[in-house]
Amino acid sequence: MEIKKEKNGSALTLTLIGKLSVLEAKELSKVVDEELSDVNDLTLDLKELTYVSSAGLRVILTAQNMMDDAGGEMKLLNVSPFIMDILKLTGFNKFMNIVD
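This report concerns the structure included in the present document. Quantities reported herein were computed from a predicted structural model and do not represent experimental measurements.

1. Details of the overall build of the protein chain
Then comes step 1: What the protein chain contains, in helices and strands, is three helices and five strands.
Then comes step 2: Against the 2.2 N^0.38 benchmark of 13 Å for 100 residues, the protein chain shows a C-alpha radius of gyration of 12 Å, consistent with a compact globule.
Then comes step 3: Seen through its C-alpha atoms, the protein chain measures out along the principal axes to roughly 30 × 25 × 20 Å.
Then comes step 4: Across the 100 residues of the protein chain, 43% fall into the buried class.
Then comes step 5: A separation threshold of at least 6 residues defines the contact pool for the protein chain, and within that pool the share at least 24 residues apart is 67%.
Then comes step 6: Split by element, the accessible area of the protein chain, about 5600 Å² in all, is 49% carbon and sulfur.

Here it is as structure tokens:
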């Protein structure tokens, strides 16, 4: 998986490309830990994400919790139908801010 970072002030967009499985989740977790300290607007662009495992979902949930704790906002952008099915099956679609 490739992670592209684009930061503009306190806004950060992470574009996730490829598969977010166990090994890649560790990489994303590291990026989240390092980058979110001064961010209050986080966007995860999932346009090119083809798969997400439970480990990947856990990292996304951790990022959401970190943003909630900091009084920030997180949104999921460009969610494919396949990834949306996973979010619906896990109930993530009920509490994540998903935008087209």
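Having seen the structure, we can now continue with the description.
2. With respect to the side chain of Thr15
Then comes step 1: By the element assignment, Thr15 lies in strand 2 (residues 11-20).
Then comes step 2: The class of Thr15 is buried, set by a relative accessible area of 17%.
Then comes step 3: The contacts of Thr15, once residues within four sequence positions are left out, are Glu2, Ile3, Lys4 and Asp45.

3. Things to note about the pattern of salt bridges
Then comes step 1: A full pass over the atoms with the stated rule returns three salt bridges.
Then comes step 2: A salt bridge links Glu35 to Lys5; its shortest N-O distance comes to 3.3 Å. One end of the pair, Glu35, is in helix 1 (residues 22-35); the other, Lys5, is in strand 1 (residues 2-8), and 30 residues separate them in sequence.
Then comes step 3: Since its relative accessible area comes to 19%, Glu35 is described here as buried.
Then comes step 4: For Asp38, the salt bridge goes to Lys7, with nearest N and O atoms at 2.7 Å.

4. Structural notes on the nonpolar core
Then comes step 1: Counting 31 residues, the largest nonpolar core has Leu14, Leu42, Met74 and Leu76 as its most contacted members.
Then comes step 2: Among the secondary structure elements, those contributing two or more residues to this core are strand 2, helix 1, strand 3 (41-52), helix 2 (54-69), strand 4 (73-77) and helix 3 (81-90).
Then comes step 3: Here the element with the most residues in this core is helix 2; it accounts for six residues.
Then comes step 4: With near-sequence residues (within four places) excluded, Met74 lies in contact with Leu42, Leu44, Ile60, Ala63, Gln64, Met67, Met96 and Asn97.

5. Remarks on the pairing of strand 3
Then comes step 1: Pairing geometry for strand 2 and strand 3, over nine bridges, is parallel. Residue pairing across strands places Leu12 opposite Leu42, the latter belonging to strand 3.
Then comes step 2: Between strand 2 and its parallel partner strand 3, the chain crosses via helix 1, and the hand of that crossover is right-handed.
Then comes step 3: Viewed along the sheet, the connection from strand 3 through helix 2 into strand 4 turns out right-handed.

Parameters at a glance
Residues numbered from 1 in each chain as written. Predicted model: local features only at pLDDT ≥ 70, side-chain atom pairs only at ≥ 80, totals over all residues. Heavy atoms only, no water. Helix = DSSP H or I, 4+ residues; strand = E, 2+ residues; numbered from the N terminus. Rg over C-alpha atoms; globule rule 2.2 N^0.38 Å. Buried < 20%, exposed > 50% of the residue type's maximum accessible area, 1.4 Å probe, protein only. Contact = heavy atoms within 4.5 Å. Areas by Shrake-Rupley, 256 points an atom, 1.4 Å probe, with all protein chains shown as cover. Salt bridge = Lys/Arg side-chain N within 4 Å of Asp/Glu carboxyl O. Core = buried A, V, L, I, M, F, W, Y, C linked by side-chain atoms within 4.5 Å. Pairing = 2+ DSSP bridges. Right-handed = clockwise from strand over helix to strand, strands pointing away.

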